[in-house]
Amino acid sequence: MVGVVIVSHSQTLAEGVVELAKLMASDAKIVAAGGLEGGAPGTSFQKIYDAVEKVYSDDGVAILMDMGSAVMTTEMVIEAMEGRKILMLDGPIVEGGVVVALEASLGTPLEELQEKVEEARNTKKLDN
Amino acid sequence: MKATAAKIEEEKDFLTELDNEIADGDHGINMAKGFNAVVEKLDAMAGKDIGSILKTTGMTLVSTVGGSAGPLYGTAYMKAGAKLAGKNEMDGKDLVEAMEAGIGGIQMRGKATTGEKTMLDSLCPAYDALKAGIEAGEDLKDALTKAVKAAEDGVEYTKTIKATKGRASYIGDRSIGHQDPGATSALYILQVLLANL
């Protein structure tokens with residue numbers, strides 16, 4: 001099963017996305033990497049690195065990030081873990097996180113997850 | 001590095017205030033945290049070559065800063081360090097090469113260019129001035145003095161443009177009139193380098 005990491009500047013937001021995703025996919029391997037050590041806002045190289053390690057398997061890991069340094073720090077973690085099967089997904093972290101956790105728990109491979117996030121991004125909440 | 005850390009610490013509140021005006025208000029605090037962590041590692045680095053010291057500086061910034069300045073400055077120092085690997089002294093030409101590699105790292109990591117109200121708006125004109133001076137045969141102090149002047153002009157320039165990269169881009173036109181904190185901290189780093197030649 002593909003592992004999923006949620007990276008956010010906010011520890012509570014990242015944990016909230018994991019909470020929400022687990023409602024839909026209780027057996028998903030999804031973990032939060034939000035905020036700095038100690039919980040202050042920011043993105044932590046070490047927290048992201050440890051989170052990837054925690055859910056890593058041969059099926060790989062998908063990462064959803066919020067903005068700015070969350071993206072750049074995640075890139076640096078992936079570079080530091082060169083050779084591993086890790087993919088950053090581009091999309092909304094709440095809807096994307098729920099969809100990716102669900103798909104991963106159903107056995108969807110890493111390569112197909114970006115497409116699923118795209119669908120989540122394009123799903124309208126209102127009809128107009 | 002120690003002087004840079006001292007300068008950043010001194011200007012911490014001002015950088016944070018600048019950042020507060022247009023973004024999330026953490027630049028000064030984050031930079032001070034990062035450079036203070038670098039200072040703590042310096043004693044263990046005594047006797048190492050410039051490349052190793054810059055590389056350690058970059059890795060320390062990445063793991064301690066927590067905001068965009070971490071991966072951006074971190075990548076810059078690591079790339080510059082790779083250029084200066086094995087060197088115990090550097091001349092003007094070395095500095096030009098190191099700065100070129102560092103700026104390349106920032107552009108690659110931030111997918112940014114000049115005119116977007118970022119640290120590149122002070123670093124790129126400074127690099128151009130430094131390179132022109134060194135190539136014209138000026139000594140390092142004269143060339144770097146011109147580079148610092150170009151960086152100061154660059155910081156002024158950031159007041160006139162709107163942010164299209166980074167957190168400040170969320171406020172769009174309302175960022176005009178404000179000085180960019182990243183361009184400002186980059187200026188401080190160059191000023192400290194000049195003062196400690």
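Moving on, we get to the overall build of chain A. Check the secondary structure of chain A and you find 5 helices and 4 strands. The helix and strand sequence of chain A, counted from the amino end, reads β-α-β-α-β-α-β-α-α. Based on the C-alpha atoms only, the size of chain A along its principal axes is roughly 40 × 30 × 25 Å. Scored against the burial criterion, the 128 residues of chain A give a buried share of 48%. A sequence separation of at least 24 residues applies to 72% of the contacts in chain A between residues at least 6 apart.

Take the overall build of chain B next. The secondary structure content of chain B amounts to 9 helices and 0 strands. Going from the N terminus to the C terminus, chain B shows its helices and strands as α-α-α-α-α-α-α-α-α. Rg of the C-alpha trace for chain B: 16 Å, near the compact-globule value of 16 Å for 197 residues, within the 12% margin. Projected onto the principal axes, the alpha-carbon positions of chain B cover approximately 45 × 40 × 30 Å. Across the 197 residues in chain B, those meeting the buried criterion constitute 54%. In chain B, of all internal contacts separated by at least 6 residues, the share reaching a separation of at least 24 is 63%.

With that settled, the discussion passes to the pairing of strand β2 (residues 30-34) of chain A. All names here are of chain A. Of all the 5 residues making up β2, 5 are buried; the element is thus mostly covered by neighbouring parts of the structure. What you see with β2 is no split at all: Ile30, Ala32 and Gly34 on one side and Val31 and Ala33 on the other are buried throughout. Across 5 bridges, strand β1 (residues 3-8) lies against β2 in parallel orientation. Across the sheet, serine 8 pairs through a bridge with glycine 34, a residue of β2. Chirality of the crossover, the property in question, places the unit of β1, helix α1 (residues 11-24) and β2 among those that are right-handed.

With that settled, the discussion passes to the sheet that holds β1(A). The strands making up a sheet associate through backbone hydrogen bonding, with each pair oriented either parallel or antiparallel. Residue and element names in this part refer to chain A. Strands sit in the order β2-β1-β3-β4 across an open sheet of 4 strands; the sheet is parallel. If you trace the sheet from one side to the other, it starts and ends with β2 and β4 (86-89), each paired once. With direction set aside, neighbouring strand axes in the sheet form an average angle of 25 degrees. Against the sheet, helix α3 (residues 69-80) engages β1, β3 (61-65) and β4, with an angle of about 155 degrees to β3.

As a further point, take the interface of chain A and chain B. Opposite the 11 residues of chain A that make contact, chain B presents 12 residues. In terms of residues, the side of chain A that touches chain B owes the most to one element, α3(A), which gives 4 residues. In terms of residue class, the side of chain A that touches chain B is made up of 4 nonpolar, 7 polar and no charged.

All names here are of chain A. One can find alanine 25 in the loop between α1 and β2. Residue alanine 25 is classed as buried on the basis of its C-beta count, with 20 C-beta atoms lying within 10 Å. As a C-alpha pair, alanine 25 and threonine 108 span 83 residues in sequence and 13 Å in three-dimensional space. Setting aside anything within four residues of it in sequence, one finds alanine 25 in contact with Ala101, Leu102 and Ser105.

The next point concerns the pairing of β3(A). Residue and element names in this part refer to chain A. Across the 5 residues of β3, 5 count as buried, placing the element largely inside the fold. Going residue by residue along β3, you find Val61, Ile63 and Met65 tucked away on one face and Ala62 and Leu64 tucked away on the opposite face as well. With 5 bridges joining them, β1 and β3 adopt parallel strand pairing. The residue of β3 that forms the bridge with valine 7 is methionine 65. As judged from the 4 bridges shared by β3 and β4, these two strands associate in the parallel manner. Residue pairing across strands places leucine 64 opposite leucine 89, the latter belonging to β4. Remark: the β3/α3/β4 crossover connection has right-handed handedness.

The next thing to look at is the nonpolar core. Among the nonpolar cores identified, the biggest contains 92 residues, and Val4(A), Val5(A), Ile6(A) and Leu130(B) are the most heavily contacted of them. Every residue in contact with Ile6(A), bar those within four places of it in the chain, is listed here: Ala14(A), Val17(A), Val18(A), Ile30(A), Ala32(A), Ala33(A), Leu64(A), Ile93(A) and Gly97(A).

Position of Lys48(B) relative to the elements: it lies in the loop between α3 (27-42) and α4 (50-64). Taking the C-beta count within 10 Å as the criterion, Lys48(B) has 14 such neighbours and is therefore assigned partly exposed.

Two quantities define a packed helix pair, namely the angle between the axes and the distance from one axis to the other. Residue and element names in this part refer to chain B. In the contact formed by helix α6 (residues 92-110) and helix α7 (residues 120-135), the axes pass within 10 Å of each other and the chain directions differ by 155 degrees. When the axes of α6 and α7 are compared, the pair comes out roughly antiparallel. By crossing handedness, the relation of α6 to α7 is classed as left-handed. Two secondary-structure elements touch here, α6 through Gly92, Lys93, Leu95, Val96, Met99, Glu100, Ile103, Ile106 and Gln107 and α7 through Leu120, Leu123, Cys124, Tyr127, Leu130, Lys131 and Ile134. Of the residues in the contact of α6 with α7, the class split is 11 nonpolar, 2 polar and 3 charged.

Rules used throughout
All residue numbers refer to position in the chain's written sequence, counted from 1. Labels are handed out in written order, letters beginning with A for the chains and numbers beginning with 1 for the ligands. In keeping with the predicted nature of the model, local features appear solely for residues at pLDDT of at least 70, side-chain atom pairs appear and are counted solely at 80 or more, and the whole-chain, interface and lining totals rest on all residues. Labels follow the DSSP assignment, with helices taken as runs of H or I lasting at least four residues and strands as runs of E lasting at least two, numbered in each case from the N terminus. Labels follow a simple rule on C-beta atoms placed from the backbone: if 20 or more others lie within 10 Å of a residue's own, it is buried; if 12 or fewer, it is exposed; otherwise it is partly exposed. In this description, a residue-residue contact is defined by the distance between C-beta atoms placed from the backbone, which must lie within 7 Å. Taken over C-alpha atoms, the radius of gyration is set against a globule rule of 2.2 Å times the number of residues to the power 0.38. Paired strands, as defined in this entry, are two strands with at least two bridges between them according to DSSP. Crossovers are marked right-handed if the path from the first strand over the helix to the second runs clockwise, as seen with the strands pointing away from the viewer. Angles shown run from 0 to 180 degrees and are taken between the N-to-C directions of axes, each axis being a line fitted to C-alpha atoms and, for helices, limited to the stretch in contact. Three classes are used, and their members are as follows: Ala, Val, Leu, Ile, Met, Phe, Trp, Tyr, Cys and Pro are nonpolar, Asp, Glu, Lys and Arg are charged, and the others, Gly among them, are polar. Defined on buried residues, the nonpolar core groups Ala, Val, Leu, Ile, Met, Phe, Trp, Tyr and Cys residues joined through C-beta atoms within 7 Å. Our angle categories are set so that under 35 degrees counts as roughly parallel, over 145 as roughly antiparallel, 65 to 115 as roughly perpendicular, and the remainder as oblique. Helix crossings fall into two classes, left-handed where the near helix is turned counterclockwise from the far one by less than a right angle and right-handed where it is turned clockwise.

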